[in-house]
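The chain contents come next:
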Amino acid sequence: MAVAWQDELDAVRDRWVAAAAQAPDLAGLRSLEVEALGKQGEVTLLVRKVGSIPPEDRRAYGAAAAAVKGQVEQAIEARRQGLERAEVEAELADNSFDETVPAHAALGRAARLGHSHPLSQVQAEVEAVFTSMGFHVLDYPEVESEFDNFEALNIPAWHPAREMQDTFWLEGGHLLRTHTSSGQVRAMHAFRPPFRAIFPGKVYRYEATDASHEHTFHQLEGLLIDRHVSVGHLLDSMRTLLSAILKRDVEVRLRPGYFPFVEPGFELDVQCQLCGGSGCSACKQSGWLELLPCGLVHPQVLRAGGLNPAEWQGWAFGLGLSRLVMMRYQVPDVRLLLSGDLRWLSQF
Amino acid sequence: MIVSWKWISQWVDTQGVDPLEFAKRFTCTVAEIDGVHHWGHGLQGVLVGDVIGVAPHPNADKLRLATVDLGERQVQVVCGAPDLRLGMRVPFVPPGVKLPSGIEVRDGEVRGIKSPGMLASEADLGLSDDHSGLLSLDGVQAPAGTELTQAVDIEDVLYEVDNKSITHRPDLWGQYGVAREVAAMLNKPLQPLDTHVNLGTGAPVDVAVETPLCPRYCCARVAGLTTAPSPVGLRLLLRRLGVRPISNVVDATNLVMLETGNPLHAFDARYVRGGKIRVRAALPGEVVRTLDGQDRSLVPADLVIADGEGPVALAGVMGGGDSEIRDDTREIILEAAAFDAATVRKTAMRVGLRTESSARFEKALDPELAHTAALRFLRTLLDLCPGAHVASDLLDAGDFARQRPPTRVIVSHCDYLRSRLGVSKTEMPDAWIVHCLKGLEFGVDPQPGGELAVRVPTFRATKDIHHAEDLVEELGRHYGYHRIASQAPLIPSRPAYTPGTRLAERKIRAALTLQQGLCEVLLYGFDHDGQRQRLGLAEPGLGRMALRNAISREQGLLRRNLAPNLIAAVEQNLLRGDGKEAPREGLFVGLFELGRVFVPVAGRELPQAERDALDLGLPDLASEPESDPLRQAWLSRLGPEMQSAVQGVLAADNPLPLQPIRLGVAVGERLGGGAEGAKRTRPQKAVSQRVLAEAVAAVQSAVRALGKAELTVSAAADGTDPEQLPAAAPDWATSWRHPQRCGWLRGADGAVIGHVTLLHPDVRHALDVPAEVAVAELNLEALLALPDAAVSGQAPARHPGASVDLTVPVAAGVRQAAVCTAVLADLQAANLPAVAVRYLYEYEAPGGARSLTLRVDCRISERSLTSAELEAVLAAARLSAERHSWEGTRRSAS
């Protein structure tokens, strides 16, 4: 008798082990597993049959049935691992996937890219440089009084800059600021010295537009007020700041320039990047490119700002942000900046 | 302003100085040199010839045959110059010579006659563009056949000085003033101007200066003149400085103007009527005929020179045609004067005559110079015109002659001057400072200890040198700025301030570009007339800042809203494509701008409703009392400088307009069609919904980026808020707003800080492209003034809660937000566990009946909800929703 149930156990085991080894896929293996090991599975029922076995055989039968169940489970598990591996191998061997299909096709909608304006980008970058060096960033009105735009800057009534041909005048006497310098005296009144600040923004000039002239453009004014400020300080500040802004070590050169609100006043040149100073067509063979006007703050301007020139001194400069953008991105026509044309803007 | 190397070398020893190196040095020391030109070079081989025979050309009427004596030989050449005459000295160009003008002379034939060479005009030789006749070499002392370059001192180097860099330096508008700077720069002595002349006696004419605007009027009479062309050297000198030679007398005035910088005028003495000269303001209605033959009507702001009968010259600008020098002029009255700079400039601009003379006077010339120039002119004229003599004394009229202003003295200290440059006493000793200033003709009295009393020379005192800082510049530029060592400023470190609006702009820019995929534009601060008309802005002046001088009539007003220009930009981009997609149906364009708009404070007289609509909730600071808490709260949100600006605005007599920073968003989708007429396409509701949603999403994205609670969009037309509806007729400010499809953007406290709208159909139809467009505009400062969104870090709810959905019929005109808000309020009022009511979707049956599906989220924090509780919520929600859809109908109908 003992042989009879042993043979039956062996036969069942052999059949399921063989079936498991031949299961074609994981789904087949799963149903096979249910048939063999599920609640009503053949192997499960065999194990449960221990109750019908004579008591003296029960221990042996129980052990044998458990061994069979273990072997079938092992066979199924081995087959499962084999099939899973094969699936992974198959995926790994499959080269039919195209990962270069663009997002808009895969997502079913166009990927929309926004663009911030190059002037904003450059302005933010320059602001970050100045902020890192302790400069306040200030923002002043575009419609200005004649006082802040001219008088306070030592530009008296007879000065040509006050004439109609340079300035947009408003009905009622105010004007559109012709330079960000109009913030100088405002800043002196707003902050207790010593301080240093920049004020970027839109400025306006009454002039006909062409590829290199625009009636609306962007500037950035810099102002530093301290107890003692010399040309040597200005040179150091300009070299440091411009190196950070232009992202290279720049050599700067000061030469005389006339602006009523600074004394001495300078045109600041930077060494031409293209030729390194030896002269090329970009710098008209001079080796230098005119970049910005600057100078030591005129005592009259300090007075207009409520500061005593015997106590306080300063430097100031005006940087053309529009020009900086044009230089950096080789923009051929200044009018593109305010055109609102996405064909141009979407490059940035 | 052109500087002649040869001319200044008369007074300064420039031997051994390289003319190109000089230009660089001058640029770094004095003023910018824009260009360097070699003049009169490359004329080797051109000979001086005498015309000894003139015969007609047998085959051509306009050509003649000239026989030219070249000393060793004679040649016959064909010549077309009308002024060819026997006995003339002319430049002869032999065959084989290539001229700088590009002409290569060949040994050829002209109309069948051999012509081995040519006679040259100024243009042929590249000396000017005058090819009307031959360059006359009459009077040149050299044997025939001499090289032209040997016979006439012709070669020069010309420097173009940037006029803008010498506007403050009247002394540099003459060659001699430039020579003075060069002498200091090269540390060489400056030769004096030769002004020695024998004057006559007696007044030249009866002169009276009747205005303080002419501080000095010098005048002399010269008799015994014979007008004739000037010698060739003088003519060429004038040519290369850009002045046309005319005759010896006129040339002498121009020559001395170029030399000294002081313009001169010579009247033909016969035409100074009544023997009188009056310098006075023009009388109303007076007319003067200027040298260019134009009649100029004058105004009392103009200054004239009048004779016994009327104006004969526009002072400082141009002489009169009646008294100009003619061929038969024998006697002249010389005028050398100083005029008020601003007066000359205003007159020159008013009549549109910017002359060499006005350009100089408007720089504020030194009155001392007038006298020097007069003497220099007399000296020059007598040299040019051997028979002439000065027939009067040199009369000196005007306030300046009566009482000279005191010499300006600047008291400073060598230490101060050095400290402003940042150089040490070793680098720049006291003695160097004194030497440098003296070289520039400053009077210096050095005191022991380094104190200085510096007397400013008159030619620098009119405009340029006032303060010690001006001396710093003199020293710095002559010392060489490149020699000054960099020094780091020692300013104390403080936290750097950035205004909240600027920080907000950066965050919004990042959110709208990176999250919403919109493009930032920067547009003009002006509204365009055409655009305004299309948007129905009929009354241009109302509540707007107007320009007195607009670039064009179309751009005469400052923008009060960002929307008009943004709408135009969306339209243009939908029309031409965005550079990636072709302009076709479905093309989406989304733009935003952060910028200022201009709201005149005088706009206060506008009706309240319009003003609210215009200003989008900006607190009316100007009319609120100072103690008003809203005003205080608003001000406290601004940075210190904005605060002072705003306070300044409010305090000033003539306040600046309010210039709030706005965020404007405009999004558009191109509709089908495109052919003319198809612009009237009506967008499908889903398209309109999508476009508006893009605008709202952009606004909310910006709001979230600033850490503010999302704004509510309250429908302006839902009847819940009648006081916010704009004035009855489509007014100018809101004319682009769709009266139904728009909403107010409100903060948590209910204050309106902006609006969002689809375009009014009339405006949409006026676009050049079939499109649905939505715009949103809000006030950045008002947005920043809203409280920050509450943030807390509570643990997630243990019991997840549940939700029920319901669908209710909804009447036309009812907005889902109103229903949601009302239902939630009702449920919470009834103590039901509802936490949110959300819109899921809306269904519109073919007949137009709408139904709304809502979801009610329920939660009790301590436990899970029972199904009985959920059913109670559902029942109550259904009742409430049905009631509110009915209420909405009733209210919007009333």
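To be clear, the structure that these remarks concern was listed above.
The shown structure was predicted, so the numbers you read here are calculated from the model rather than taken from an experiment. (Residues numbered from 1 in each chain as written. Chains lettered and ligands numbered in written order. Predicted model: local features only at pLDDT ≥ 70, side-chain atom pairs only at ≥ 80, totals over all residues. Heavy atoms only, no water.)

*Asks:* Explanation requested: the interface of chain B and chain A in the structure shown.
*Replies:* The parts lose accessible area when they come together, and the size of an interface is often stated as this lost area. If you look at the interface, chain B gives 89 residues, while chain A gives 92 residues. Summed over the three residues of chain B that lose the most area to chain A, namely B:R420, B:I491 and B:R548, the buried surface amounts to 9% of that side. Linking chain B with chain A are 7 salt bridges. One salt bridge connects A:E127 with B:R506, and the closest N-O pair in it is separated by 2.5 Å. Between chain B and chain A we count 34 residue pairs in polar contact (both at pLDDT 80 or more) in total. Looking at side-chain class alone, the side of chain B that touches chain A contains 43 nonpolar, 23 polar and 23 charged residues. (Contact = heavy atoms within 4.5 Å. Buried area = accessible area lost by both parts, 1.4 Å probe. Salt bridge = Lys/Arg side-chain N within 4 Å of Asp/Glu carboxyl O. Polar contact = N/O pair within 3.5 Å; in protein donor to acceptor, adjacent residues only side chain to side chain. Nonpolar A, V, L, I, M, F, W, Y, C, P; charged D, E, K, R; others polar.)

*Asks:* How should the nonpolar core be read in this particular structure?
*Replies:* A general tendency of soluble globular proteins is for nonpolar side chains to be buried together. Residues and elements named next belong to chain A. With 97 residues, the main nonpolar core has L268 and W315 as its most contacted residues. Per element, the largest residue contribution to this core is 8 residues, and it comes from helix α9 (residues 231-246). The contact partners of L268, leaving out residues within four places of it in the chain, are M238, L242, V252, R253, L254, L289, E290, L291, L292 and C294. (Core = buried A, V, L, I, M, F, W, Y, C linked by side-chain atoms within 4.5 Å. Buried < 20%, exposed > 50% of the residue type's maximum accessible area, 1.4 Å probe, protein only. Helix = DSSP H or I, 4+ residues; strand = E, 2+ residues; numbered from the N terminus.)

*Asks:* Teacher, can you tell me more about the environment of B:E362 here?
*Replies:* Residues and elements named next belong to chain B. Along the chain, E362 turns up in the loop between α8 (356-361) and α9 (367-384). Spatially, the C-alpha atom of E362 lies 83 Å from that of D805, the residues being 443 residues apart in sequence. Those residues in contact with E362, other than ones at most four positions away along the chain, are A341, R345, R354 and K463. Of the polar contacts made by the side chain of E362, one reaches the side chain of K363; its length is 3.4 Å.

*Asks:* What is the right way to read the pattern of salt bridges from this model?
*Replies:* Pairing of side chains with opposite charge becomes possible as their charged atoms draw close. Residues and elements named next belong to chain B. Enumeration over the complete set of coordinates arrives at 78 salt bridges over all chains. E710 serves as the salt-bridge partner of R704, at 2.6 Å between the closest nitrogen and oxygen. Accessibility expressed as a relative area gives 45% for E710, which makes it partly exposed. In the salt-bridge network here, residues are joined through shared partners; they are R169, D171, E181, R460, D464, E474 and R477.

*Asks:* Where do I start with the pairing of strand β29 (residues 588-596) of chain B in this structure?
*Replies:* Consecutive residues of a regular strand have side chains that alternate between opposite faces of the sheet. Residues and elements named next belong to chain B. Burial analysis of β29 places 9 of its 9 residues in the buried class, the great majority of the element. With burial as the criterion, each face of β29 is covered, one bearing F588, G590, F592, L594 and R596 and the other bearing V589, L591, E593 and G595. Bridge analysis of strand β26 (residues 519-520) against β29 gives 2 bridges, and the strand direction is parallel. When the bridges of β29 are listed, E520 appears paired with F592. As defined by bridge partners, β29 adjoins strand β30 (residues 661-670) across 9 bridges and the pair is classed as antiparallel. When the bridges of β30 are listed, G590 appears paired with V667. (Pairing = 2+ DSSP bridges.)

*Asks:* Sorry if this is basic, but what is going on with the environment of B:A825 here?
*Replies:* Its place among the elements puts B:A825 in helix α24 (residues 816-829). For the pair B:A825 and B:E869, spaced 44 residues apart in the sequence, the C-alpha separation amounts to 17 Å.

*Asks:* Is there a simple way to think about unusual backbone geometry in this case?
*Replies:* Among all residues save glycine, negative phi is the norm, and among peptide bonds the norm is trans. All names here are of chain A. Residue P193 is joined to P194 through a cis peptide bond whose omega torsion reads 0°. Along the polypeptide, P194 turns up in the loop between α8 (184-190) and β4 (195-204). The amide bond that connects E263 to the next residue, P264, takes the cis arrangement and shows omega of -5°. Relative to the helices and strands, P264 resides in strand β7 (residues 262-271). Despite not being glycine, Q330 shows a phi value in the positive range, around 50°.

*Asks:* Would you take a moment to explain the sheet that holds strand β5 (residues 216-226) of chain A for this structure?
*Replies:* Note on sheets: strands pair through backbone hydrogen bonds, and any given pair is parallel or antiparallel. Residues and elements named next belong to chain A. Strand order in the open sheet formed by 7 strands is β1-β4-β5-β9-β8-β7-β6, and the pairing between neighbours is mixed. Edge positions in the sheet fall to β1 (136-137) and β6 (252-256), since each has one partner strand and no second. Of the strand pairs in this sheet, β1 and β4 are connected by 2 bridges, and their pairing is parallel. The partner of V137 across the bridge, within β4, is I198. Against the sheet, helix α11 (residues 321-329) contacts β4, β5, β8 (288-297) and β9 (313-320), and its axis sits at roughly 50° relative to β9. (Axes fitted to C-alpha atoms, helices over the stretch in contact; angles between N-to-C directions.)

Everything listed is a geometric property; what it means functionally is a separate question.
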